Amino acid sequence: MIQEVNSELKDSSVVTKLEAPVLNVSGLDVFINKTNILKDINLQVPRNQITCIIGPSGSGKSTLIRSINRINDDVLGYEKQGDIHFQNASIFKKNIDVASLRKNIGMVFQKPCVFPKSIAENVLFGIQHSKKLSKIEKAEIVEKQLKAAALWDEVSQRLDQRGSSLSIGQQQRLCISRTLAMEPQVILLDEPTSSLDPVSSRAIEKMMLDLKEQYTIVFVTHNIQQAKRIADRVVFMCEGEIIEQGTTNEIFTKSKHPKTRSYLVDEYCDC
Ligand SMILES: Nc1ncnc2c1ncn2[C@@H]1O[C@H](COP(=O)(O)OP(=O)(O)OP(=O)(O)O)[C@@H](O)[C@H]1O
Ligand SMILES: [Mg+2]
């Protein structure tokens, strides 16, 4: 009996269930110019898992993940009610260091945002402002993070060339390595593969599956099959609300809500 319990505890999925979530969104309402964009969002994001957020255009997916690292703070007319906890502390508490929050909760956008600098300088762009690094340390970080983003083999001989000389798929992986260089705990990705061809998209999907060993990932996608391939948990949003959420198996094989079923079958939601 004791042996059975011990072996169960070694199973990482059981351990994860016992752990507190890395992110806990509770009763979050977001208003932009008094329009209620997000409605009573309650969401727990477990450590070392991929949580995919799916839903039709305009359902609030980007607004939700942009609230998690407080990028929305800069939007004119933005107001919120409710709370978001990152590792048990409110991200809205007074005197919080927002730069440090964004270092811990990194973000990758839909279109690759490559700076007019070399490939190596792009990887180091965020980190070199916060740390003094020797030449050797810089070279080590560049190699490590380009390897983690599955780009090293393609660029190791051209690190001094401009980031913009890379293909769009490579540029997106470069942006991911720049985010990883900041050593975040959570990575938020807002449709990172929507402008990529299927081969580049699959490379990023594979990378996500490798990265979740070390990071907690929140991944917004329009691509239902992509969510099925990579997600541990799926959150379905429509018109600013979470309609349903659960494990990938629960959502894809036994979803309870007709709106979820309709969206999964023909990507249509009559919200
Ligand atoms: N800065 C803004 N000002 C006014 N309305 C906004 C702003 N940002 C978002 N919205 C509105 O909030 C709603 C949710 O937008 P959001 O971008 O979060 O949706 P989404 O699910 O990410 O859509 P998509 O799949 O097209 O990216 C939309 O109706 C959008 O028009
Ligand atoms: Mg969006």
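Quick notes on the rules
Residues numbered from 1 in each chain as written. Chains lettered and ligands numbered in written order. Predicted model: local features only at pLDDT ≥ 70, side-chain atom pairs only at ≥ 80, totals over all residues. Heavy atoms only, no water. Near = heavy atom within 4 Å. Polar contact = N/O pair within 3.5 Å; in protein donor to acceptor, adjacent residues only side chain to side chain. Areas by Shrake-Rupley, 256 points an atom, 1.4 Å probe, with all protein chains shown as cover. Helix = DSSP H or I, 4+ residues; strand = E, 2+ residues; numbered from the N terminus. Nonpolar A, V, L, I, M, F, W, Y, C, P; charged D, E, K, R; others polar. Pairing = 2+ DSSP bridges. Axes fitted to C-alpha atoms, helices over the stretch in contact; angles between N-to-C directions. Contact = heavy atoms within 4.5 Å. Core = buried A, V, L, I, M, F, W, Y, C linked by side-chain atoms within 4.5 Å. Buried < 20%, exposed > 50% of the residue type's maximum accessible area, 1.4 Å probe, protein only. Salt bridge = Lys/Arg side-chain N within 4 Å of Asp/Glu carboxyl O.

S.K.: Got a sec to walk through the site of ligand 1? Specific residues and values, please.
M.R.: Every one of the 13 residues lining ligand 1 counts as a neighbour, but Ser57, Gly58, Lys61, Ser62 and Thr63 are closest to it. Here serine 59 contributes a backbone N or O atom positioned 3.1 Å from an oxygen atom of ligand 1. A distance of 2.7 Å separates an oxygen atom of ligand 1 from a polar side-chain atom of lysine 61. In isolation ligand 1 has 640 Å² of accessible area, and contact with the protein removes 59% of it. Take the shell around ligand 1: its biggest share by element is three residues, from helix α3 (residues 61-68). Taken together, the residues of the shell around ligand 1 break down into four nonpolar, seven polar and two charged.

S.K.: Which residues make up the sheet that holds strand β6 (residues 105-108), and what values do they have?
M.R.: One open sheet holds the six strands; their spatial order is β6-β7-β8-β3-β9-β10, and the pairing between them is mixed. Bordering the open sheet on either side are β6 and β10 (241-247), each of which pairs with just one other strand. Strand-to-strand twist in this sheet, taken as the mean axis angle between neighbours without regard to direction, amounts to 15 degrees. Inspection of the sheet shows strand β3 (residues 50-54) paired to strand β8 (residues 216-220) by four bridges, in the parallel sense. Pairing of isoleucine 53 across the sheet is with valine 220, part of β8. Set on the sheet, α3 makes contact with β3, β6, β7 (186-190), β8 and β9 (233-238); between it and β7 the angle comes to about 155 degrees. Along the sheet, helix α9 (residues 168-181) makes contact with β6 and β7, crossing β6 at roughly 170 degrees.

S.K.: Which residues make up the nonpolar core, and what are the values?
M.R.: Among the nonpolar cores identified, the biggest contains 30 residues, and Ile176, Leu189, Met208, Leu211, Ile217 and Phe219 are the most heavily contacted of them. For this core, the element with the highest residue contribution is helix α10 (residues 198-211), accounting for four residues. Each residue touching leucine 211, except ones within four places of it in the same chain, is listed here: Ala148, Ile176, Leu180 and Ile217. If you look at the next biggest cluster of nonpolar residues, it comprises 29 residues, including Leu38, Ile41, Phe86 and Met107.

S.K.: With reference to specific residues and values, describe the pattern of salt bridges.
M.R.: Following the criterion strictly, the structure yields nine salt bridges and no others. Between lysine 34 and glutamate 79 there is a salt bridge, with the nearest N and O atoms lying 3.3 Å from each other. Of the two residues, lysine 34 is situated in the loop between β1 (23-32) and β2 (35-45) and glutamate 79 in strand β4 (residues 78-86); the sequence distance between them amounts to 45 residues. On the basis of relative accessible area, lysine 34 is assigned to the exposed category, the value being 65%. Taking the shortest distance from any N to any O, the salt bridge between glutamate 143 and lysine 147 comes out at 2.6 Å. Residue glutamate 143 and its partner lysine 147 are located together in helix α7 (residues 135-148), separated by four residues, close to a single helical turn. Among the residues examined, glutamate 143 registers a relative accessible area of 30% and is labelled partly exposed. For lysine 147, a relative accessible area of 46% translates into the label partly exposed. One network of salt bridges, in which partners are shared, links Arg202, Glu205 and Arg229.

S.K.: Give a detailed account of the sheet that holds strand β5 (residues 89-90), specifying residues and quantitative values.
M.R.: Within the open sheet, the four strands sit side by side as β2-β1-β4-β5. Their pairing is antiparallel. Every other strand in the sheet has two partners, leaving β2 and β5 as the edge strands with one partner each. Pairing analysis gives two bridges linking β4 to β5, with the strands arranged antiparallel. Paired with histidine 85 across the strands is serine 90, a residue of β5.

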